[in-house]
Amino acid sequence: MKTLRTMREVRQELAGGGRIGLVPTMGAFHEGHLALFRAAREDCEAVVVSLFVNPTQFGTNEDLSRYPRDEARDAQLAEAAGIDILFAPSIGEMYPEGYATWVDVEETGAEGAARPGHFRGVATVCLKLFNIVRPQVVYFGQKDAQQAAVLRRMIRDLDIDLVLRVMPTVRDVDGLALSSRNAYLSEQERHQALALPRALEAGRSAHVEGSDPVAAARAALNGLEPEYVELLDLDGVTLLAAAARVGSTRLIDNVVLEGALR
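Residues numbered from 1 in each chain as written. Predicted model: local features only at pLDDT ≥ 70, side-chain atom pairs only at ≥ 80, totals over all residues. Heavy atoms only, no water.

A.B. asks: Help me understand helix α3 (residues 71-80) in this model?
C.D. replies: Since there are 3.6 residues in each turn of an α-helix, residues three or four apart along the chain are aligned in direction. Looking only at α3, the buried set comprises Asp74, Ala75 and Ala78. Down the axis of α3, the sector holding all buried residues measures 100°, keeping them to one side. Turned more than 90 degrees off the buried face of α3, the exposed positions are Ala72, Gln76 and Ala80. At its buried positions, α3 is contacted by α2 (31-43), β3 (46-51) and β4 (85-87). Of the residues trailing α3, glycine 82 is marked for its positive phi of about 85°. (Buried < 20%, exposed > 50% of the residue type's maximum accessible area, 1.4 Å probe, protein only. Helix = DSSP H or I, 4+ residues; strand = E, 2+ residues; numbered from the N terminus. Arc of directions from axis to C-beta. Contact = heavy atoms within 4.5 Å.)

A.B. asks: Would you mind going over the layout of surface pockets with me for this structure?
C.D. replies: If you add up the space inside the second largest pocket, you get close to 200 Å³. Along the walls of the second largest pocket sit 16 residues, with Leu51, Phe52, Val53, Arg69 and Pro89 positioned nearest its centre. Here the residues of the lining of the second largest pocket are counted per class, giving 10 nonpolar, one polar and five charged. (1 Å grid on protein atoms, 1.4 Å probe; cavity = no way out; pocket = protein on both sides within 12 Å on 5 of 7 lines; lining within 4 Å. Points joined across faces, edges and corners; volume = space filled by probe spheres on them. Nonpolar A, V, L, I, M, F, W, Y, C, P; charged D, E, K, R; others polar.)

A.B. asks: Quick question: what am I supposed to make of empty space enclosed by the protein here?
C.D. replies: To locate leftover empty space, one rolls a probe as large as a water molecule over the atoms. Per the counting criterion, the structure on display carries one cavity of 30 Å³ or more. Computed from the structure, the largest cavity encloses a volume of approximately 60 Å³. Around the largest cavity, the lining residues are Ala145, Ala148, Ala149, Arg152, Val166, Leu234, Asp235, Val237, Leu261 and Arg262. For the lining of the largest cavity, the element with the highest residue contribution is helix α7 (residues 145-157), accounting for four residues.

A.B. asks: Looking at this structure, I do not really get the pattern of salt bridges. What am I missing?
C.D. replies: A pair can form between side chains of opposite charge whenever their charged atoms are brought close. Per the counting criterion, the structure on display carries 18 salt bridges. Of the charged contacts, one joins arginine 115 and glutamate 62 as a salt bridge, the two residues approaching to 2.6 Å between their closest N and O atoms. On the criterion of sequence distance, the pair formed by arginine 115 in the loop between α5 (111-114) and α6 (118-133) and glutamate 62 in the loop between β3 and α3 is long-range, its members being 53 residues apart. With a relative accessible area of 26%, glutamate 62 lands in the partly exposed category. In this structure, aspartate 235 and arginine 152 form a salt bridge, with 3.8 Å as the shortest nitrogen-oxygen distance. Highlighted residues: aspartate 235 in the loop between β7 (226-234) and β8 (237-246) and arginine 152 in helix α7, separated in sequence by 83 residues. (Salt bridge = Lys/Arg side-chain N within 4 Å of Asp/Glu carboxyl O.)

A.B. asks: Before we go on, may I ask you to explain the pairing of strand β5 (residues 137-141) in this structure?
C.D. replies: Within a regular strand, the side chains alternate between the two sheet faces. Of all five residues making up β5, five are buried, and the element is well covered by its neighbours. Going residue by residue along β5, you find Val137, Tyr139 and Gly141 tucked away on one face and Val138 and Phe140 tucked away on the opposite face as well. The pairing of strand β2 (residues 20-25) with β5 spans two bridges and is classified as parallel. Residue glycine 21 lies in a different strand from β5, and its bridge partner there is valine 137. Across five bridges, the pairing between β5 and strand β6 (residues 163-167) is parallel. Bridging from a neighbouring strand, phenylalanine 140 pairs with valine 166 of β6. (Pairing = 2+ DSSP bridges.)

A.B. asks: Hey, could you run me through the sheet that holds β3 in this one?
C.D. replies: Pairing between sheet strands relies on hydrogen bonds along the backbone, with the strands arranged either parallel or antiparallel. Strand order in this open sheet of six strands is β1-β4-β3-β2-β5-β6, and the pairing throughout is parallel. Among the strands making up the open sheet, the edge pair consists of β1 (2-4) and β6. Direction aside, neighbouring strands of the sheet carry axes that sit 25° apart on average. Of the strand pairs in this sheet, β3 and β4 are connected by three bridges, and their pairing is parallel. Following the sheet pairing, serine 50 is matched in β4 by phenylalanine 87. Docked against the sheet, α7 engages β5 and β6, running at close to 170° with respect to β6. (Axes fitted to C-alpha atoms, helices over the stretch in contact; angles between N-to-C directions.)

The structure is reproduced here in structure tokens:
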């Protein structure tokens, strides 16, 4: 595996062609990331993983400064997974002095309402990564299903020749969706956080029985105060999505009610 820092290096390394897969990440790798790496490795001749904590998708008073960072560990995991290129650019490489161009997406529900400007930052950095790497396929996890839907629409609206694949959420044995931010949780907070996936499962059961999934999920949150519990229709797939804070840690999760993510 090669760890590259500049766009020029990445383009030169990939000049030989072949089917390229890209997994955009902010690092702090866990089994959820590794599942994406494996899917890309099976599909593609060359696999690029980007490692960039993107400041433009963090809002005021969010956790940019304390977001977990351990590039040496991440590089070891990526290499063991058979990744060809770890692209770890600096902020100055991605947003040089005078940078002033943004992808302005319309997204008002759930994360769009809870984190104004978040998807603007996500769409902008991902479009830059798509243009740098020129992949045929990109990979995201279901936990970030709304993000994936925003990017899929951007791909469609801007006529980008690219396939976006969504892989199932990877969960710990206790049901908590794997997230880099889980590292913030104390033992007690982790126990409290289990109310989030359990509430979503209660909502899914209610939906199957013909009841209100949002009301059922809210009733099962066991004291957690949600930022939102909403139904989302993403490309014909209906999800029950929720966000809540456990201590100072913000967690998101979702379950599919109808359809299948792909």
